[in-house]
Amino acid sequence: GSSKMSTAQQLRKKIDFTVLESVTKEVFFGSLTQQEIDLIIGISQLHEYKQGDVLIEKGAPQNKFFILASGTLHKFRNDETMPIQPGYVLGLLHCYSEDPSSSTIVAHVDSEVIVIGSHDLRELLSQNAVLQGKFITFLSREIRTKTKAIEEIRRTIDQDRADIVFFDTKEYMKEAFDQVNQKYNFNIAYYAEKLSSKTALLASGCKIVCCFVNDEIDDDTISILVSLGIQLIAMRCAGYNNVDLETCHENNILVTRVPSYSPNAIAEYAVALLLSVNRKIYTSVSRAKTFDFSLSGLVGFDVYGKTIGVIGTGRIGRCFVDIMLGFGCTVLCYDVYQNAEVAEKCEYVDLDRLYAESDIISLHVPLLPSTHHLINKESLQKMKDGVLIINTSRGAIIDSIALLDALKSGKVYGAGLDVYEEEKEYFFEDRSTVTISDDTLTRLIAQHNVIITSHQAFLTKEALTNIAESTLGSIQEYMEGKRGDLTNLVEYVENSKL
């Protein structure tokens, strides 16, 4: 009951712009570039169906999918009838499985339908790794992990395509890893997408994933990784608060991290934030770009002789202590685990005394249940009037709303923040052309005495090289058979509430 027009050129002429716009809003097609859309158009055909023609009957193999270009279709399932309007995509989920159709599709009026054969699409995907990756991402959003479609797609993907799949990859990180990988020769697949339950299927065909600070490695994501056979999660950062260690432990997935890549890089950046906030450097530079060389409002204070409170004296905290001693400061420290070398240089005190006596407080602790919102309304009230706060560790250590209130009241002189508790949706990405829905973030950025940067304290050549060396070194150890004795293994401690 249908007639066929075969060329891509005819197809483009036939598809109304509004239809194409509707199609590109669909999850899969909306992720494609124009070049990728053209590739799909190249394997497409335009069919004309008369009123009453059947496109597919219930129970028939779904070996093609349809995009309605014009007209109206009716989808009959059980006792329900669903009208289908132009731009609707039918059957894409079944590209690999070709399951029997659960519905009958009929042309309600004369209609034009774009038809793409499942075999043709699979051939196209097999020749284009990026397009295949986007299709897998689409599947992971739309269907459960153990359906026939996923099992089939796992069998059709080249199981040896990569040793390691990287998520949330930026070009600067890729360059560093490619350089270090010259001595390991791992086959690495890089993806810009963050790891989550929606993107986990990109890891199909390998045993190791490499992740970063804003990947969502929760129970749902791990269950998919388990179904894919993932055995190692290599974190290319020091922190791992975004990893559900308990679920990893239950499913025998090992986790490694980079315990120290360049503590100097982060400590030096904390000092840069301190000086920038104190001496109004950002304001001064902004004025100079408009040839405003006035000094009004730029008064700061000497750091020399001030009391610095350092919360956390791990590797980064110790570097920061040394730098501030070099400035001629008195340094007070707090840590659950005191360091003997630090104790010889400065005094360990409790938090109440540190809050009460410090002119500047710098945070260098991991995010744990015990450190979440460590800086809050109550702790801020205990601090000196006019305290300056620096955070280069994890955003959620500070209650951002409490900090805003303290800034407005003048209790806090200023803040230098390289992290933010809700940064996941914004940091590491260009959000300059979108509306920011996080009112707390926009209010903080608007404060004249606050500097916020995009979690970049680690970003030096030396640190990137060290991250790559440590991460790939851990993976090499794993490849050589190490398991519980991995050098940088993150150990799961049952019922840990540190």
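Quick note: structure is the one above.
Remember, predicted model here, so these are calculated numbers, not experimental data.

Of regular secondary structure, the protein possesses 18 helices and 21 strands. With 498 residues in all, the protein has 50% of them scored as buried.

Turning to the side chain of His364, a few remarks are in order. Here His364 shows up in the loop between strand E18 (360-363) and helix H15 (377-381). A polar contact of 2.7 Å, which involves the side chain of His364, links it to the side chain of Ser362.

So, about the sheet that holds strand E5 (residues 73-77). If you walk across this open sheet you meet the four strands as E3-E8-E5-E6, and the pairing is antiparallel. Two strands bound the open sheet, and with one partner strand each, they are strand E3 (54-56) and strand E6 (80-84). Neighbour-to-neighbour, the strand axes of this sheet turn through a mean angle of 25°, independent of strand direction. Summarising the sheet, E5 and E6 pair through five bridges and their orientation is antiparallel. Residue Arg77 lies in a different strand from E6, and its bridge partner there is Glu80.

Residue position: Glu462 is located in helix H18 (residues 461-479). Judged by relative accessible area, Glu462 falls into the exposed class, the value being 53%. As a C-alpha pair, Glu462 and Ala176 span 286 residues in sequence and 9.7 Å in three-dimensional space.

Using the criterion set out here, one finds 13 salt bridges in the structure. A salt bridge links Lys183 to Glu469; the shortest N-O distance between them is 3.1 Å. Residue Lys183 is located in the loop between helix H7 (171-180) and strand E11 (188-190), and its partner Glu469 is located in helix H18; the two are separated by 286 residues in the primary sequence. Its relative accessible area of 55% is what places Lys183 among the exposed residues. Among the salt bridges present, the one from Arg353 reaches Glu357, with a minimum N-O distance of 3.0 Å. Of this pair, Arg353 and Glu357 both sit in helix H14 (residues 351-357), four residues apart, roughly one helical turn. You can call Arg353 partly exposed: its relative accessible area is 30%.

Of note, the phi angle at Lys280 is positive, near 55°, even though the residue is not glycine. For Lys280, the position within the fold is in the loop between helix H10 (263-278) and helix H11 (281-288). Using a relative accessible area of 13% as the deciding quantity, one classes Lys280 as buried. Even without being a glycine, Phe291 presents a positive backbone phi close to 65°. The topology assignment puts Phe291 in the loop between H11 and strand E15 (307-311).

Glancing now at helix H8 (residues 219-228). Residues separated by three or four positions in an α-helix point in the same direction, a consequence of the helix having 3.6 residues per turn. Of the positions making up H8, those classed as buried are Thr221, Ile222, Ile224, Leu225, Ser227 and Leu228. Of the residues one or two after H8, Gly229 is the one with positive phi, at around 90°.

Let's shift gears to the packing of aromatic side chains. Inspection of every chain in the model, using the stated rule, returns eight aromatic pairs. Where Phe212 meets Phe458, the ring centres are 5.9 Å apart and the plane angle is 65°; that geometry is what we call edge-to-face. Of this pair, Phe212 sits in the loop between strand E12 (208-211) and H8 while Phe458 sits in the loop between strand E21 (450-452) and H18; the two residues are 246 residues apart in sequence, bridging distant segments of the chain. There is no split in this pair, since Phe212 and Phe458 are both buried. Joined through ring pairs, the aromatic side chains of Phe166, Phe177 and Tyr190 make up one cluster. When the ring centre of Tyr478 is taken as reference, the NZ or CZ atom of Arg483 above it lies at 3.7 Å.

About the criteria used
Residues numbered from 1 in each chain as written. Predicted model: local features only at pLDDT ≥ 70, side-chain atom pairs only at ≥ 80, totals over all residues. Heavy atoms only, no water. Helix = DSSP H or I, 4+ residues; strand = E, 2+ residues; numbered from the N terminus. Buried < 20%, exposed > 50% of the residue type's maximum accessible area, 1.4 Å probe, protein only. Polar contact = N/O pair within 3.5 Å; in protein donor to acceptor, adjacent residues only side chain to side chain. Pairing = 2+ DSSP bridges. Axes fitted to C-alpha atoms, helices over the stretch in contact; angles between N-to-C directions. Salt bridge = Lys/Arg side-chain N within 4 Å of Asp/Glu carboxyl O. Phe/Tyr/Trp six-rings, centres within 6.5 Å; stacked < 30°, edge-to-face > 60°. Lys NZ or Arg CZ within 6 Å of the ring centre and 35° of its normal.

The quantities given are spatial measurements derived from coordinates; they are silent on function.
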